[in-house]
Each structure stands twice: as C-alpha cells, then as structure tokens.
Amino acid sequence: MGQPRALKGLVVLGAWLLFSLEPLSGRLLIARFGGAFHVWVTALLFFQVALVLGYLYAHALAPRLGRWHLGVLCLAALTLPPSLPDGATDPSPAAVLRALALHLGPLAVLLSTTSVLAQRAAWRPGERAPYALYALSNAGSLAALLVDPLVLGPALGLSAQARLWTAGFGLYLLLAAGSLWRLPQEPPKSLPEQAFLYGYCTLLSALLSVLLAGVTSQLTLDVGHVPLLWTLPLALFLLAFVLSFAERPGLGAVERLWPYVALVDLYLALGGDLGSALAQGVGLLVAFFVVALALARELYRVRPEGDRLTGYYVTLAVGGALGGAFAALAAPWLFPGLWERPLATLAALMVVGWARRGAVRAWLRSAERGALIVTAALPAVIALRLYLGHRGAGPEPSARARSPYGVYQVLERTEGGVPLRELVSGTTRHGRQRPGSAEPLSYYHRSGPLGEVVARLQAPAGARRIAVIGLGVGASASYAARGDAVDFYELDPTVEALARAHFTFLRASEGRVTVVTGDARHTLGAVGPSRYDLVLVDAFAGDAIPTHLITREAIALEASRVAPGGALLFHASNRFHDLRPVLGAAARSLGMTALWKQHLQGLSPGEDPSRYVVVLGPGEDRAPWSAHGWAPCDASMAPWTDDHADPIALLVRQRLH
C-alpha cells in the first residue's frame, strides 16, 4: 500500500528532528552543566522517558484528540528555538532534568509520536498495518546520525543549528497539518489478551538496547577512542530496523545463521582476540549487526495488527528505556567488566529459542548430520579457544574496577628489566609507577616538558599552588615540596580510589594533596581567580578530546585561575588529534600566546613520549621559553568555542598537512 508523499516526508523529517535534537542538547548540556556522568545519564534517561511518554500519548491520548493534536504541536512551538538556560551553576541531576524537561521536553515527546501517529493515520480496517513507515522513520534517524556530525556540526555553530532546527520544525508543522488532519478520533483497544506478546517484545527491545550499549563500550575499550567510533554501532542498530520493517524479502538466511554468529559474538565479548585492532573492531560490528538484525526481524515477525500497533510501540519504547537504564546505571555497579553484553547475547539465544521452540524442534528432527555436528562443536571450539587464549594472556591484573566512565585494570609489567605498575583502561595508559619509588614516570617524568615547567615557576618551592585537571595515578603530586598545595580535579571517583589503593604518589607527596571530584568547568570555576601558580589540564584520557575544556571560554576560565608569574599548561599527547592548532587559535583569540614542546627521544624505562602546550598571558615574554626549545603553535584556524567546535575538520586539516 503506497503512502502519500507528505506523510512519508513527515515521518522522515520528524525522525531527523528528534535524532538531531539529542546531539544538539548534548552540546548545550556540556557547556552549561559539564560532562560528569550524571549529566549524560540524566540526558539519556530524559530522551528514553520522552520516547515512552510520546508513545503513550500516541496510544492513549492522540486518538481521543484527533485533529486537535495539531494544536498541541503548535503549543510546543512556543518553546523554540531549542535551548537551555545560560549560566547554570547547579549541575545536579534534578537541575539537568528540570532544564531538559522545561526547554526540550514538549518537543522531544511530540516528535517521538510522529511515526506511530502516521501509521495510525494511514491504516484502515481490513488493510495491512503500514509498518514500512517505521522503517522509513529509522532511515530518517540514520540519515540524521550521519549528516549531523559530519556535515551540519562542522559547518554550523550551536546557535545556527538551533535556528535551522527551528525552520525544520516549521516545515514539520506544515506537513503535519496536511497529513494528520484526518487522524482517527477513537479510543485505543484494550490490550490484556496481548500480554504475552507485549512482554516478549519488551524483553527483546531491552536486550537490543543492552547489546547496543555493550558493543559501543567494547569497541572503545578494545579499539580506542577513535573519533566518531560510537556512531557505527548506532548506525547498524538503526539499519537493522530499517531492513526488518521495510517488508523486503531476502533476510531468511539471517534467521537460520544468527545463532552461530551469536556464539562468535559471545567469543568476542568474553575476550576473544582476532589478531588486530581493525579485525577486532570489524568482527565486533559484524557480529552485533547480525544479532541486532535477527532480533529486529523477530520483533517484526510478531508484530500485531494495525488496531494494536500503538500499544506495540509502547512496549518497544519501554523495553529500550529499561535496557538503556540497566546498561548505564546498573551494569557499572553490578559487574567489574563488560559482562552485560555476553549476558544479553546469551539471553537473546535462550529467549528467542524458547519462543520458537516448535521451530527449533522441527529443525533438530530434519537437520542434516553435518549441521548438527557444527551446531554441537562450535560452542566447544569457542570455549577451548577462550581457555587457551586466557592461559597465554600473561599475568592477571592485580586489580580491576569499573565505573560509568570505563573499565580499569592495574597491571604489573617489566620494561627494560624494570618492574612497573600501571593503570590502564582499554588501550589507554593513565600512569605508571616503579614499585618502591615515588619518582614520576609515563608522561610526567622530570626530564620532560612538565618537569621543565615546574622548575620554571616563579613561586618558590614550599609556597607553590598547583591545580591538575585529571588525576590518573597522581604522578604530578611528586612535584610538590613541603608546604606546596596540589589540587586534583577528577571526574571519576573510581580513579581516585585506584590511585590511593595501588599507587603511592598521593600519600608520598610532601605537599598537601586534595582531590575534588566533578567536572572541572564547575569545580575549578567555583574557586577564586588567580589562585594557582600552575594549572595543568591533563584530561585527554583515551585520546578523546574533552572539547569543553579547550574551547575559548574554557581556556579563559582556566587562565583566570593562574596567579601572576604562573603557567597554564596542557598535556596534549594524542594519537588521533594534533591539538596545537586548537590551543594556539584559542590563545590568540584571547590575546595570549601558545608554545609547544615534546619529548620523544632518550626515554628511560617507564617513560612515555609526551607533548605539552603552555599558554602565556598577554604581554608575557616568550623569549626565555623559546631559548629552551618551546615553539609557537599554529594559530591560523578559527578558535573552538562553546558554540562551535569541529574535531572532524581538525582531522582533515592534519591529513592535508
């Protein structure tokens, strides 16, 4: 059954607007409330709850309103353009949720109804439910996922994106007026007889949500914080729904083969190694896509008739919210590692197998001997491979811990005959220590740029005040003499616990050491100006860029906390981004100067190559720095601001140069 173009356009545009609202709100949040975990969890919870409320509205209220739903849409337009309050000083979950609900809530809830209401408007008794419109909605979401970060984000700032989004919502209202004018006005049907079906769909949707979160975390841990890597699992997740609900043939092989792929997915989730980071990443994505496609196909297979489709979508939204909440809130505290993903894969095999037990029994009776042998042997081969790989993996970590920010391990290694203890998260090293010694190593050794900058401070030893954004193992505390004060600003309390329990830098420091937990844009902003002789920004863990800490506004804040004669220093070692042009441009825009120096050669065991950038105040003489090898940073690019930052353009710039 073909659908009017206006209705299809409404579905695509509604999905695009909803999906682009999420990253837009994220950028608004981080500049105003910081990047602490509760900010992101609250934002995730907000959009998941908005989806549930939107589907409940489409199920229970919109059918009673009929065309009056268009009036509700016009009322939501009064909250445009999408924005959050400026100057937020309270980053609590309640404040974040209140700001999101008041400023973005009506838009998010009503946009989430688009696909469901369009299907309800298009369906007529006796006809097939137009589930292809749900596939079209996911296609719109997929397009927004790809175009927004790659095209609109780099080209436009936040304010320009908000204006464009507002124009898009105006077009949405016009399409809605033409497409939903004849929205059926009748109460929804009761659902008790469908309880088992809805419970099954809720569980499958929850498992899909857990798998999406799990594979994203696994990719980050195994491959690294590669720019935009997180978008790949989400794109495949959306593509799985596009293919499953588009009513296209040719996916029967997925239903037959996905249990075998799920076993391979279990192998990878339990630590199976494919030999290289690229192979590991591709394997994770392929296995996840096949399993997600199979579960989406199962959701499509059990779809109800058109008179019950609104209740069906409520179950999908509830399941997604429950799975997302479990992955974000419960799993980091329940499991020391990323166990939720293999558990979700195993649960998917069991749940679908039980629901289709009749088909499974029929296959067992009719399957060829070879297929039965492969089915029985594959789990045994995978288990053996995991066992052998575990035996040859070297010594076990001396400690493991997990938080919402990462999975951490304390490892004992030997380099150049020197025993070392280090804190790692996936492919990222957060610091090292030689047992029995409080001498700083890794990127913080005394012969590197950090040691030089500390030695150049005008304040005498015993009276120095140092701020460090990012704790790691606390190696910077070794630079404090008796009477000095070192304040660490650390986002993750788990890192502090590991640094105190397994490394001695904090307790062995001669200075007075304080650790302040929370996002530095707020915690450092709460202290008075001109307080520190050195502010060290060392928050580039995992080679991801904490953009909100190196924008023009952030650097202005950090520089304002430096006392006269002090220094603002950035640890800029990064595998993927050369941050010198970013820092140089921001410094230039503030009337300051950025100089850089790196230490790559002549490293002793335990020392890592490092690059630092120092930002000098207006009028400060750079000649003494230049005499010691500090060179000016390229400042020719536009500075990053809270309104506009473009990591993709930075990558392109680096490749061209």
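Residues numbered from 1 in each chain as written. Predicted model: local features only at pLDDT ≥ 70, side-chain atom pairs only at ≥ 80, totals over all residues. Heavy atoms only, no water.

Enquirer: Mind showing me how you'd approach the overall build of the chain here?
Expert: Per the secondary structure count, the chain includes 24 helices and 12 strands. For 657 residues, the compact-globule estimate of 2.2 N^0.38 gives 26 Å, and the C-alpha radius of gyration of the chain, at 27 Å, lies within 12% of that figure. Projected onto the principal axes, the alpha-carbon positions of the chain cover approximately 85 × 65 × 45 Å. Classification of the 657 residues of the chain by burial places 54% in the buried group. Accessible surface, the chain as shown: approximately 27800 Å² in total, 63% of it carbon and sulfur. (Helix = DSSP H or I, 4+ residues; strand = E, 2+ residues; numbered from the N terminus. Rg over C-alpha atoms; globule rule 2.2 N^0.38 Å. Buried < 20%, exposed > 50% of the residue type's maximum accessible area, 1.4 Å probe, protein only. Areas by Shrake-Rupley, 256 points an atom, 1.4 Å probe, with all protein chains shown as cover.)

Enquirer: Please clarify how the environment of Ile 555 should be interpreted in this entry.
Expert: Tracing the sequence through the fold places Ile 555 in helix H21 (residues 552-560). For Ile 555 and Leu 457, which are 98 residues apart along the polypeptide, the C-alpha to C-alpha distance reads 20 Å. Sequence-distant contacts of Ile 555, that is, excluding residues within four places in its chain, are made with Leu 549, Ile 550, Leu 568, Phe 570, Leu 583, Ala 586 and Leu 590. (Contact = heavy atoms within 4.5 Å.)

Enquirer: What is the right way to look at the side chain of Ser 476 in this model?
Expert: Take Ser 476: it is sitting in the loop between strand E5 (465-469) and strand E6 (485-490). Ignoring any residue separated from it by four or fewer positions in sequence, one finds Ser 476 in contact with Tyr 444, Leu 450, Val 468, Phe 488 and Leu 536.

Enquirer: Got a minute to help me understand unusual backbone geometry in this structure?
Expert: Trans peptide bonds make up most of the peptide bonds, and negative phi angles are found at most residues other than glycine. Cis geometry is found at the peptide bond from Leu 80 to Pro 81, where omega equals -5 degrees. Inspection of the secondary structure assignment puts Pro 81 in the loop between helix H3 (69-76) and helix H4 (93-103). Phi at Ser 442 takes a positive value of approximately 55 degrees, unusual for a residue other than glycine. Locating Ser 442 in the fold gives a position in the loop between strand E4 (428-433) and helix H17 (449-456). Within the chain, Ser 530 stands out as a residue other than glycine whose phi angle is a positive 55 degrees. With respect to the helices, strands and loops of the structure, Ser 530 is situated in the loop between helix H20 (520-523) and strand E8 (532-537).

Enquirer: For this particular structure, what's the right way to read H17?
Expert: Along H17, six of the eight residues are buried, which leaves the element largely enclosed by surrounding structure. Pro 449, Leu 450, Gly 451, Glu 452, Val 453 and Val 454 are the residues of H17 that are buried. In this fold, the buried residues of H17 make contact with E8, strand E9 (562-571), strand E10 (593-599), strand E11 (610-616) and helix H23 (623-627).

Enquirer: I would appreciate a short explanation of the nonpolar core in the present structure.
Expert: Considering soluble globular proteins, one finds that nonpolar side chains tend to be buried as a cluster. Ranked by internal contacts, the top residues of the largest apolar core, which has 110 residues, are Phe 245, Trp 258, Leu 295, Leu 299, Tyr 312 and Tyr 313. Broken down by element, this core gets its largest block of residues, 13 residues, from helix H12 (residues 277-301). By size, the runner-up hydrophobic cluster in this structure holds 38 residues, among which are Tyr 408, Tyr 444, Val 468 and Tyr 479. (Core = buried A, V, L, I, M, F, W, Y, C linked by side-chain atoms within 4.5 Å.)

Enquirer: Looking at this structure, I do not really get the sheet that holds E8. What am I missing?
Expert: Neighbouring strands of a sheet are bound in pairs by backbone hydrogen bonds; such pairs are parallel or else antiparallel. Spatially, E7-E6-E5-E8-E9-E11-E10-E12 is the arrangement adopted by the eight strands of the open sheet, whose pairing is mixed. Two strands lie at the open edges of the sheet, namely strand E7 (512-517) and strand E12 (631-632), each paired on one side alone. As paired strands, E10 and E12 are joined by two bridges and run antiparallel to one another. Residue pairing across strands places Trp 596 opposite Ala 631, the latter belonging to E12. Each of E5, E8 and E9 touches H21; the most contacted strand, E9, lies at about 135 degrees to it. (Pairing = 2+ DSSP bridges. Axes fitted to C-alpha atoms, helices over the stretch in contact; angles between N-to-C directions.)

Enquirer: Explain the pattern of salt bridges here, please?
Expert: If the charged atoms of two oppositely charged side chains come close together, the side chains can form a pair. Scanning all chains against the criterion turns up 20 salt bridges. The residue Arg 446 makes a salt bridge to Glu 439 at a minimum N-O spacing of 2.7 Å. Judged by its relative accessible area of 39%, Arg 446 falls in the partly exposed class. A relative accessible area of 31% places Glu 439 in the partly exposed class. The salt bridge involving Arg 531 is made with Asp 487; its shortest N-O contact spans 3.8 Å. With Arg 531 in the loop between H20 and E8 and Asp 487 in strand E6, this pair connects stretches of sequence that are 44 residues apart. Among the residues examined, Arg 531 registers a relative accessible area of 36% and is labelled partly exposed. The exposure class of Asp 487 is buried, given its relative accessible area of 11%. (Salt bridge = Lys/Arg side-chain N within 4 Å of Asp/Glu carboxyl O.)

Enquirer: How do you make sense of helix H8 (residues 158-179) when you look at a structure like this?
Expert: Think of an α-helix as 3.6 residues a turn; residues three or four steps apart then line up on the same face. Helix length check: H8, at 22 residues, gives a terminal C-alpha distance of 31 Å against a target of 32 Å (1.5 Å per residue), a fit within 8%. Along H8, the residues that are buried comprise Leu 158, Ala 160, Gln 161, Ala 162, Trp 165, Gly 168, Phe 169, Tyr 172, Ala 176 and Ser 179. Looking at the packing, one finds that the buried side of H8 touches helix H1 (5-33), H3, helix H5 (105-111), helix H6 (114-122) and helix H7 (132-155). (Expected span 1.5 Å × (residues − 1).)

Enquirer: How should the packing of H1 against H6 be read in this particular structure?
Expert: Packed helices, taken two at a time, are described by their axes: the angle between them and the distance between them. Packing of H1 against H6 brings their axes to within 9 Å, and their N-to-C directions diverge by 165 degrees. When the interaxial angle is binned, H1 and H6 end up roughly antiparallel. In the packing of H1 onto H6, the handedness of the crossing is left-handed. Counted together, Leu 7, Leu 10, Val 11 and Gly 14 of H1 and Thr 114, Ala 118 and Ala 122 of H6 form the full contact between these two elements. (Parallel < 35°, antiparallel > 145°, perpendicular 65-115°, else oblique. Left-handed = near helix turned anticlockwise from the far one by under 90°.)

Enquirer: How should I be thinking about the packing of aromatic side chains in this particular structure?
Expert: The geometry of an aromatic ring pair is captured by the separation of the ring centres together with the interplanar angle, meaning the angle of the planes. Scanning all chains against the criterion turns up 18 aromatic pairs. Measuring from centroid to centroid gives 6.2 Å for Tyr 131 and Phe 245, while their planes differ by 55 degrees, and the two rings are tilted. Taken together, the positions of Tyr 131 in the loop between H6 and H7 and Phe 245 in helix H10 (residues 231-245) put the pair 114 residues apart, joining distant regions of the chain. The two residues Tyr 131 and Phe 245 agree in class, both being buried. Note on Tyr 131 and Tyr 312: the rings are 5.9 Å apart at their centroids and 85 degrees apart in plane angle, and the pair reads as edge-to-face. One end of the pair, Tyr 131, is in the loop between H6 and H7; the other, Tyr 312, is in helix H13 (residues 309-334), and 181 residues separate them in sequence. (Phe/Tyr/Trp six-rings, centres within 6.5 Å; stacked < 30°, edge-to-face > 60°.)

Enquirer: I would appreciate a short explanation of the pairing of E10 in the present structure.
Expert: A regular strand carries its side chains on alternate faces of the sheet. One ladder, built from seven bridges, connects E10 with E11; its direction is antiparallel. Opposite His 599, over in E11, you have Ser 610 as the bridge partner.

Enquirer: Would you mind going over the sheet that holds strand E3 (residues 418-425) with me for this structure?
Expert: Within the open sheet, the four strands sit side by side as E1-E2-E3-E4. Their pairing is antiparallel. Only two strands of the sheet have a single neighbouring strand rather than two, namely strand E1 (399-403) and E4. The average undirected angle you get between the axes of adjacent strands in this sheet is 25 degrees. Examined bridge by bridge, strand E2 (residues 406-415) and E3 share seven bridges and lie antiparallel to one another. Within the sheet, the bridge partner assigned to Arg 413 lies in E3 and is Leu 420.

Enquirer: Would you explain the packing of helix H11 (residues 252-269) against helix H14 (residues 340-355) in this entry?
Expert: Two numbers describe how H11 lies on H14: the axes approach to 9 Å, and their chain directions differ by 160 degrees. Here H11 lies roughly antiparallel to H14, going by the angle between them. The crossing of H11 and H14 is left-handed. Contact residues: Trp 258, Pro 259, Ala 262, Leu 263, Asp 265, Leu 266, Leu 268 and Ala 269 in H11; Arg 341, Pro 342, Thr 345, Leu 346, Ala 348, Leu 349 and Val 352 in H14. Taken together, the residues that form the contact of H11 with H14 break down as 12 nonpolar, one polar and two charged. (Nonpolar A, V, L, I, M, F, W, Y, C, P; charged D, E, K, R; others polar.)

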